[in-house]
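Chain residues, written in single-letter form:
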Amino acid sequence: MTKATLSHLEKVARTAAKASYSPYSQFAVGAAVLAGSGKTYAGTNVENASFGLCNCAERTAIFTAVTAGEKKIKCVVVYTPTPTVTPPCGACRQVINEFGPRARVISVCDTKDRLDLSLETLLPGAFGPGNLG
Ligand code: THU
């Protein structure tokens, strides 16, 4: 992946975080997904008064990509306006695995702190489509 692509993804994730609907946690998250077609999809976290229905930024971005017809995810960038990075939660790791078992997952924030790992490292031995026979 080129530096330009990465910096584009980071910019998209930063912009998406501005749209965060997080009145309960006050924790804004933005995500950008680089899909198989080469297109980028944005997502933010969307909370709900019924707390269990909150949707993470990563899943918003992935579901948006799938709605546009994408079936493969190459890279996910997560941005939080915090001093330390936010790694994707377990549910999001599982959803990334469905479309990008070999995806690169990068978390960035407002300092130089950075996480850059493979999904395989974040979710070793994942349950996936292959387990359904
Ligand atoms: N959140 C995300 O959007 N992505 C993550 O990877 C971690 C958590 C959101 C969910 C909720 O709206 C808020 O952050 C606090 O958990």
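Residues numbered from 1 in each chain as written. Predicted model: local features only at pLDDT ≥ 70, side-chain atom pairs only at ≥ 80, totals over all residues. Heavy atoms only, no water.

1. Observations regarding a nonpolar patch on the surface
Part 1 of the reasoning: The grouping of Tyr21, Tyr24, Val46 and Phe51 at the surface amounts to a nonpolar patch, some 420 Å² of accessible area in total.
Part 2 of the reasoning: Along the chain, the position of Phe51 falls in the loop between strand E2 (40-44) and helix H2 (57-67).
Part 3 of the reasoning: Using a relative accessible area of 56% as the deciding quantity, one classes Phe51 as exposed. (Patch = residues over 30% accessible without salt bridge, like charges linked within 9 Å, V, L, I, M, F, W, Y side chains within 5 Å. Areas by Shrake-Rupley, 256 points an atom, 1.4 Å probe, with all protein chains shown as cover. Salt bridge = Lys/Arg side-chain N within 4 Å of Asp/Glu carboxyl O. Helix = DSSP H or I, 4+ residues; strand = E, 2+ residues; numbered from the N terminus. Buried < 20%, exposed > 50% of the residue type's maximum accessible area, 1.4 Å probe, protein only.)

2. Side note on the pattern of salt bridges
Part 1 of the reasoning: According to the stated counting rule, one finds 5 salt bridges in the structure shown.
Part 2 of the reasoning: Between Glu10 and Arg14 there is a salt bridge, with its nearest N and O atoms 3.5 Å apart. With Glu10 and Arg14 both in helix H1 (residues 3-17), this residue pair falls 4 residues apart, about one helical turn.
Part 3 of the reasoning: For Arg102, the salt bridge is made with Glu120, and the minimal N-O distance between the two is 3.9 Å. With Arg102 in the loop between helix H3 (90-99) and strand E4 (104-108) and Glu120 in helix H4 (residues 119-122), this pair connects stretches of sequence that are 18 residues apart.
Part 4 of the reasoning: Judged by relative accessible area, which is 46%, Glu120 ranks as partly exposed.
Part 5 of the reasoning: The structure contains a network of salt bridges with shared partners spanning Glu10, Arg14, Asp110 and Arg114.

3. With respect to the environment of Gly43
Part 1 of the reasoning: Looking at the secondary structure, you find Gly43 in strand E2.
Part 2 of the reasoning: In this structure Gly43 comes out as buried when scored by relative accessible area, which is 4%.
Part 3 of the reasoning: For the pair Gly43 and Ile96, spaced 53 residues apart in the sequence, the C-alpha separation amounts to 13 Å.
Part 4 of the reasoning: Leaving out residues up to four positions away in the same chain, Gly43 has contacts with Ala16, Val29, Gly30, Ala31, Ala57, Thr60 and Ala61. (Contact = heavy atoms within 4.5 Å.)

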